[in-house]
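Spelled out, the chains give:
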Amino acid sequence: MTGGSGVVVLDNGGGLLKAGFGGDMNPTAVVPNCMAKPPGAKKWLVADQLQAQDVDVTGMTLRRPIDRGYLINQEVQREVWERVIRNLLQVDPNNSSLLLVEPQFNPPALQHATDELVFEELGFKSLCVADAPSLVHLYEASRQPSLFRAQCSLVVDCGFSFTHASPVLQNFTLNYAVRRMDLGGKALTNYLKELISYRSLNVMDETLLIDDAKEKLCFVSLDVPGDLRLARLSSNDNPFRCSYILPDGITYKKGFVKDLDEACRYSSLPANGESVRKDSSDSDRSKFEDKKKPELSQNEFVLTNERFLVPEMLFHPNDLGMNQAGLAECIVRAIQACHPHLQPVLFERIILTGGSTLFPRFTERLEKELRPLVPDDYQVKIIAQEDPILGAWRGGSLLAHRPDFESMCITKSEYEEMGSMRCRLSGIFESSVHL
């Protein structure tokens, strides 16, 4: 074991599972939290097996243990955990403690199912349960003195199934003030699948491939009307046009972006400089005229305005017929549900975490959307995590490395004596204020 303690830290996300040891800076494994079976095959591939270079993920049937943020398939989850814990981490659960990052507002029946899996099927000797916002705050407070002094922040977690805006005070999540959007990375991927299938190729069964295309090619627009006008230009003048190549099973086993330089052209455009765009159109045209007009093959699709319309769902879901507030309004409502003395402090300490915050220009757009909704005498400061996918895991690693960590855990014998509810009554952060 390479970890600084005998504690396994497991952030069991709906899309990615992050696992490693308490005290380490980074997890040992970041793997898909699912099983998948190739067309015509009998064997299911689990977790890291899907990441192998020789695996073609085209048309795979997926089985996920988590849906809408909650555990729905205990059997699949056990298979994934067994693979990660015994093969990748190479630990014996009987001699190890587990720190598990649990979904917010997890129903008691699912808490019980999770505890059964941890103690009865895997056999861990003790368990500590934590929620993501508290751990993200804990990690950022260890790095930023202003957060440590204020002892509060608003954690915005754009995850796989949901987006939560969660106020945290002294390492406790203020559950009464948490606000949720029923949108996450999964919904964005599904929307991109629908757009591509309607306009180009039928990719409704290609979840893993379209997920990859979304992560590599989508970005947040700072001027949606202007970018929509640019997206109508012909191929050479269109700064958003790019191609994604699907695997053919022979030459390519993985999907990839056809021309990365072409895909990144948009990043050199000013946010609101339409006049600059017009002035530079001649030089742009001459620059790209030498390239042959791409001929689409059967294993290729082109993206233009889809690249920024997909992340736009997070900011204006109403435009797509979804009856719910956008991200900026969600944040404001969460902060307004807190005590008035906390509100200006929370607006100055908004922490972004979760994979969907990795879209280029996400932070700038959120600040632009927030400013008109916030009182003029309040400052708005947004902290983008260094690696938002690992934020909760790193907080868990810090917590698991503390000398008093075992006192926050419930042992297997306590679980057997008092049942599942005891696992949620241990007050895991009861001494965190003394950090």
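As a convention, each chain's residues are numbered from 1 in the sequence order in which they are written. Where local features are concerned, this predicted model is filtered to residues with pLDDT of at least 70; where side-chain atom pairs are given and counted, the filter is 80 or more; whole-chain, interface and lining totals use all residues. Excluded from the side-chain calculations are hydrogens and water; all other atoms, namely the structure's heavy atoms, are used.

For the protein chain, the name recorded in an unreviewed UniProt entry is Actin-related protein 6, with Oryza meridionalis as its organism. UniProt positions are given in the numbering used here, feature names are shortened, and annotations may be inferred rather than shown by experiment. Turning to the protein chain, the UniProt record has this under Subunit (unreviewed entry): "Component of the SWR1 chromatin-remodeling complex."

Novice: Hey, could you go over the sheet that holds strand β17 (residues 300-303) for me, with residue numbers and the actual values?
Specialist: Within a sheet, each strand pairs with its neighbour through backbone hydrogen bonds, oriented either parallel or antiparallel. Taken in spatial order, the three strands make up an open sheet running β16-β15-β17, and their pairing is antiparallel. At either end of the open sheet lies a strand with only one pairing partner, and these are β16 (256-257) and β17. Any two strands with at least two DSSP bridges between them are considered paired. Under the scheme used here, helices are H or I runs from DSSP no shorter than 4 residues and strands are E runs no shorter than 2 residues, and both carry numbers assigned from the N terminus. Relative to β17, strand β15 (residues 242-245) is paired through four bridges, and the arrangement is antiparallel. Looking at β17, one finds that Cys242 is bridged to Leu303. Pairs of residues are marked as contacts when any of their non-hydrogen atoms sit within 4.5 Å. To define axes, lines are fitted to C-alpha atoms, for helices over the stretch in contact only, and angles between the resulting N-to-C directions are given on a 0 to 180 degree scale. With respect to the sheet, helix α6 (residues 207-217) is in contact with β15, β16 and β17, its orientation differing from that of β15 by roughly 145 degrees.

Novice: Residue-level account of the packing of helix α13 (residues 327-336) against helix α15 (residues 362-370), with values.
Specialist: In the contact formed by α13 and α15, the axes pass within 9 Å of each other and the chain directions differ by 60 degrees. Every pair of crossing elements has a handedness; the one defined by α13 and α15 is right-handed. Of α15, the residues touching α13 (which contributes Leu327, Ala328, Ile331 and Val332) are Phe362, Leu366, Glu369 and Leu370. Following the grouping adopted for this structure description, the nonpolar residues are Ala, Val, Leu, Ile, Met, Phe, Trp, Tyr, Cys and Pro, the charged ones are Asp, Glu, Lys and Arg, and the polar ones are all others, Gly among them. Of the residues assigned to the contact of α13 with α15, the class counts are seven nonpolar, no polar and one charged. Helix crossings get a hand from a simple test, with the near helix turned counterclockwise from the far one by less than a right angle marking a left-handed crossing and a clockwise turn marking a right-handed one.

Novice: Which residues make up the pattern of salt bridges, and what values do they have?
Specialist: By salt bridge we mean one thing: a side-chain nitrogen of Lys or Arg within 4 Å of a carboxyl oxygen of Asp or Glu. The full count for this structure, using the stated rule, is 18 salt bridges. We note a salt bridge from Asp11 to Lys18, for which the minimum N-O separation is 3.7 Å. No difference in accessibility class separates Asp11 from Lys18, as the two residues are buried. Arg180 is the partner of Asp182 in a salt bridge, and the nearest nitrogen-oxygen pair spans 3.1 Å. Buried means the residue's accessible area, taken with a 1.4 Å probe over protein chains only, is under 20% of the maximum for its type, while exposed means over 50%, and partly exposed covers the values in between.

Novice: Would you mind going over the side chain of Glu369 in detail, with residue names and values included?
Specialist: By secondary structure assignment, the location of Glu369 is in helix α15. Any pair of N or O atoms that falls within 3.5 Å is considered a polar contact. Within protein, one atom must be able to donate a hydrogen and the other to accept it, and sequence-neighbouring residues count only if both atoms are side-chain atoms. In this structure the side chain of Glu369 is engaged in a polar contact, spanning 3.3 Å, whose partner is the side chain of His316. Setting aside chain neighbours within four positions, we find Glu369 in contact with Phe315, His316 and Ala328.

Novice: Please give an account of the packing of aromatic side chains that cites residues and values.
Specialist: Any two of the Phe, Tyr and Trp rings considered here, Trp counted by its six-membered ring, make a pair once their centres fall within 6.5 Å; the pair's planes then place it as stacked at under 30 degrees, edge-to-face at over 60, or tilted in between. Per the stated rule, a full pass over the model turns up 10 aromatic pairs. Measuring from ring centre to ring centre gives 5.4 Å for Phe315 and Phe362, while their planes differ by 50 degrees; the resulting arrangement is tilted. With a gap of 47 residues between them, Phe315 in helix α12 (residues 312-315) and Phe362 in helix α15 connect regions that are remote in the sequence. Here Phe315 falls in the buried class, since its relative accessible area comes to 3%. The class of Phe362 is buried, set by a relative accessible area of 1%. When the ring of Phe347 is compared with that of Tyr378, the centres are 5.9 Å apart and the planes differ by 40 degrees; the resulting orientation is tilted. With a gap of 31 residues between them, Phe347 in helix α14 (residues 343-347) and Tyr378 in the loop between α15 and β19 (382-384) connect regions that are remote in the sequence. Three or more aromatic residues joined by ring pairs form one cluster here, namely Phe219, Phe240, Tyr266 and Phe308. Here the basic side chain of Arg180 rests over the ring of Phe162, its NZ or CZ set 3.9 Å away from the ring centre. Think of it as a cone above the ring: NZ of Lys or CZ of Arg counts as a charge over the ring if it is within 6 Å of the ring centre and within 35 degrees of the ring normal.

Novice: Before we move on, could you go through the nonpolar core and cite the residues and values that matter?
Specialist: Across soluble globular proteins, nonpolar side chains show a tendency to be buried alongside one another. By convention a nonpolar core is built from buried Ala, Val, Leu, Ile, Met, Phe, Trp, Tyr and Cys residues, the set being connected through side-chain atoms within 4.5 Å. Grouped together as the largest cluster of nonpolar side chains are 60 residues, with contacts concentrated most on Leu327, Ile331, Ile350, Phe362, Leu366 and Leu370. At seven residues, the largest contribution of residues to this core is made by α13. For Ile350, the contacting residues outside a window of four places in its chain are Leu154, Val156, Ile331, Leu370, Lys381, Ile382 and Ile383. Of all hydrophobic cores here, the second largest spans 28 residues; its members include Met35, Ala47, Leu89 and Leu122.

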